[in-house]
Amino acid sequence: MDSQKYCFKENENVTVGKACFLISNVTAGPSVNLQQEALQRIISTLANKNDEIQNFVDTLNHTLKGVQENSSNILSELDEEFDSLYSILDEVKESMINCIKQEQARKSQELQSQISQCNNALENSEELLEFATRSLDIKEPEEFSKAARQIKDRVTMASAFRLSLKPKVSDNMTHLMVDFSQERQMLQTLKFLPVPKAPEIDPVECLVADNSVTVAWRMLEEDNKIDHFILEHRKTNFDGLPRVKDERCWEIIDNIKGTEYTLSGLKFDSKYMNFRVRACNKAVAGEYSDPVTLETKALNFNLDNSSSHLNLKVEDTCVEWDPTGGKGQESKMKGKENKGRSGTPSPKRTSVGSRPPAVRGSRDRFTGESYTVLGDTAIESGQHYWEVKAQKDCKSYSVGVAYKTLGKFDQLGKTNTSWCIHVNNWLQNTFAAKHNNKVKALDVTVPEKIGVFCDFDGGQLSFYDANSKQLLYSFKTKFTQPVLPGFMVWCGGLSLSTGMQVPSAVRTLQKSENGMTGSASSLNNVVTQ
């Protein structure tokens with residue numbers, strides 16, 4: 001990433017340097033134009049640099065705000081953790097105090113019981129001792145003998161002689177003592193969680209192909225405690241560093257176990273995609289990697305409702321035949337035309353030959369039997385691909401391209417300004433390629449979905465089975481004007497898939513294709529003006 005940034009800045013300096021050199025060395029006459037061009041390059045470079053710096057300032061402000069918010073959150077979490085720790089210590093302390101009190105009560109009760117028993121035995125023993133002492137003074141032998149027997153019996157039954165003179169419990173309480181030295185050491189070692197280092201995305205190992213993006217990364221330092229990775233991505237139309245303002249939210253893919261991930265089935269409706277990744281251990285997520293921007297450019301277009309036939313119901317990438325669609329609108333249009341008639345010809349009645357090149361929203365609406373709708377984005381260079389799927393009960397439809405000058409009564413494939421393949425499921429089933437009112441029957445099965453490949457610079461228009469990538473037909477020509485995707489539909493409907501890269505299989509077939517192109521010489525190798 002650093003080397004790429006350095007090269008970019010170096011190129012900027014070279015551009016500015018060359019421009020300044022031209023301004024300082026060009027003197028007069030026609031060279032003023034060169035000075036203006038050089039100055040324009042400097043202005044453009046400065047504007048780009050200002051935009052880059054402003055984006056960086058926005059990023060710094062966003063980061064500063066994040067530091068403040070995250071610090072506040074972390075402090076709150078720290079207070080909660082310590083409060084939880086204090087709460088646990090208080091609970092343990094309370095439990096241990098209860099244990100000590102219970103042990104104290106048990107021993108006290110045992111000793112109190114022993115004291116009470118001893119006091120009772122002592123009282124009885126003292127009474128017996130006093131009785132025995134008095135009996136020594138009895139002079140009558142019989143009474144003395146009787147008293148002696150009583151004393152003997154009482155001594156035998158006296159509780160004093162059955163008492164254990166050993167305490168049932170001791171005063172030792174050491175078994176309830178504590179030593180928190182280890183716990184204190186543990187508390188003293190409390191520290192912040194170990195955070196994984198930021199991974200590094202390797203742009204060389206990343207792959208953008210077939211509307212899929214594979215992102216690969218690595219850890220700069222080995223960390224065996226990493227549990228998984230989190231990949232975040234978002235679409236953008238800006239190259240370079242991700243922008244803070246006016247951007248889409250990051251989309252998150254969690255719990256990735258490896259060091260690469262493939263996003264498939266994407267619609268490339270933006271020029272670029274930003275990616276960043278972070279490593280996670282069992283406890284916490286680490287820093288984000290430096291973001292990487294990958295190019296995801298593809299042709300995106302909708303259907304042009306402003307020039308479509310009134311019997312077609314058009315919504316973005318769907319078109320459907322509507323037999324009642326134009327009746328009310330046509331009568332209104334005729335009424336307006338009649339009211340507005342004057343000596344000046346109506347712009348709508350200007351002939352096709354004298355009409356200026358059409359742009360979106362300014363060309364005539366298709367009418368008559370030209371049940372046509374064009375795409376709203378012209379193809380002027382490069383290779384492009386899109387797919388078309390017809391409704392199962394569609395009776396007739398065409399798919400192809402046309403120049404902007406296609407007349408409002410013209411049907412696809414019947415002029416030298418349009419190329420298409422046509423499917424007819426009404427009365428008889430036919431599948432054919434059409435151009436300049438010439439037809440080439442195709443001896444292949446009509447696929448469920450048709451893929452269209454347009455190589456503007458190479459002068460090639462090819463049609464494929466979108467699922468199997470089998471080549472259906474190819475036109476070889478030389479496009480002399482920008483072309484628009486074109487569609488005709490009658491008694492049915494079509495749906496489009498745009499924002500697609502040229503599939504790898506199609507690129508491979510294009511390199512080796514020569515069979516069907518050569519077999520259709522009557523329709524190919526045509527240069528149209």
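Residues numbered from 1 in each chain as written. Predicted model: local features only at pLDDT ≥ 70, side-chain atom pairs only at ≥ 80, totals over all residues. Heavy atoms only, no water.

Under the annotation held in an unreviewed UniProt entry, the chain carries the name RING-type E3 ubiquitin transferase and is attributed to Piliocolobus tephrosceles. In its Catalytic activity (unreviewed entry) section, the UniProt record describing the chain reads: "S-ubiquitinyl-[E2 ubiquitin-conjugating enzyme]-L-cysteine + [acceptor protein]-L-lysine = [E2 ubiquitin-conjugating enzyme]-L-cysteine + N(6)-ubiquitinyl-[acceptor protein]-L-lysine." (UniProt positions renumbered as here; feature names shortened; annotations may be inferred.)

Draft legend 1. Just the sheet that holds strand E21 (residues 483-490), in detail. The sheet built from six strands is open, its strands ordered E12-E21-E14-E15-E16-E17 with antiparallel pairing. One side of each edge strand has no neighbouring strand; the edge strands of this open sheet are strand E12 (372-374) and strand E17 (438-441). With strand direction ignored, the average angle separating the axes of adjacent strands in the sheet is 25°. Sheet topology note: the E12/E21 ladder contains three bridges and is antiparallel. Counted as the bridge partner of Leu 374 is Gly 486 from E21. (Pairing = 2+ DSSP bridges. Helix = DSSP H or I, 4+ residues; strand = E, 2+ residues; numbered from the N terminus. Axes fitted to C-alpha atoms, helices over the stretch in contact; angles between N-to-C directions.)

Draft legend 2. Structural view of the packing of aromatic side chains. A full pass over the atoms with the stated rule returns 12 aromatic pairs. Pairing Trp 217 with Phe 229 gives two aromatic rings, centres 5.6 Å apart and planes at 65°, and the pair type is edge-to-face. Of the two residues, Trp 217 is situated in strand E3 (residues 212-218) and Phe 229 in strand E4 (residues 228-236); the sequence distance between them amounts to 12 residues. The exposure classification of Trp 217 matches that of Phe 229, with both residues buried. Measuring from centroid to centroid gives 5.7 Å for Phe 301 and Trp 386, while their planes differ by 90°, and the two rings are edge-to-face. In this pair, Phe 301 sits in the loop between strand E9 (292-295) and strand E10 (312-315) while Trp 386 sits in strand E13 (residues 383-390), placing the two residues 85 residues apart along the sequence. With respect to burial, Phe 301 and Trp 386 carry one shared label: buried. Members of the aromatic cluster, each reached through a chain of ring pairs, are Trp 321, Tyr 371, Trp 426 and Trp 490. The ring of Phe 131 has Arg 154 sitting right over it, with the charged end atom 5.5 Å from the ring centre. Above the plane of the ring of Tyr 288 lies Arg 276, whose end atom (NZ or CZ) is 3.8 Å from the centre. (Phe/Tyr/Trp six-rings, centres within 6.5 Å; stacked < 30°, edge-to-face > 60°. Buried < 20%, exposed > 50% of the residue type's maximum accessible area, 1.4 Å probe, protein only. Lys NZ or Arg CZ within 6 Å of the ring centre and 35° of its normal.)

Draft legend 3. Structural detail: the pattern of salt bridges. Taken as a whole, this structure holds 13 salt bridges when the rule is applied. Residues Glu 103 and Arg 106 are paired through a salt bridge, measuring 3.0 Å at the closest nitrogen-oxygen approach. One end of the pair, Glu 103, and the other, Arg 106, are both in helix H2 (residues 31-135), three residues apart, so they sit about a helical turn from each other. One salt bridge in this structure joins Glu 130 and Arg 134, with 3.3 Å as the shortest N-O distance. Residue Glu 130 and its partner Arg 134 are both found in helix H2; the two are separated by four residues, about one turn of the helix. Classification of Glu 130 by relative accessible area gives partly exposed; the value is 49%. Residue class for Arg 134 comes out partly exposed when judged on its relative accessible area of 47%. Here the salt bridges do not stand alone but share partners, grouping Glu 200, Asp 202 and Arg 218 into one network. (Salt bridge = Lys/Arg side-chain N within 4 Å of Asp/Glu carboxyl O.)

Draft legend 4. Quick look at the nonpolar core. Among the nonpolar cores identified, the biggest contains 47 residues, and Trp 386, Leu 461, Phe 463, Phe 479 and Phe 487 are the most heavily contacted of them. Counting residues in hydrophobic clusters, the runner-up holds 20 residues, among them Ile 201, Ile 226, Ile 253 and Leu 263. (Core = buried A, V, L, I, M, F, W, Y, C linked by side-chain atoms within 4.5 Å.)

Draft legend 5. Up close: the side chain of Gln 501. Note on placement: Gln 501 falls in the loop between strand E22 (493-500) and helix H6 (504-512). Separated by 3.2 Å, the side chain of Gln 501 and the backbone nitrogen of Asp 210 make a polar contact. Here Gln 501 is in contact with Val 208, Ala 209, Asp 210, Asn 211, Phe 268, Lys 297, Ala 298 and Tyr 385, once residues within four sequence places are set aside. (Polar contact = N/O pair within 3.5 Å; in protein donor to acceptor, adjacent residues only side chain to side chain. Contact = heavy atoms within 4.5 Å.)

Draft legend 6. The arrangement of the pairing of strand E16 (residues 428-435) in detail. As paired elements, strand E15 (residues 418-426) and E16 share eight bridges and run antiparallel to each other. Directly across from Cys 420, in E16, lies its bridge partner Lys 434. The sheet contact formed by E16 and E17 spans four bridges and is antiparallel. Paired with His 435 across the bridge in E17 is Lys 438.

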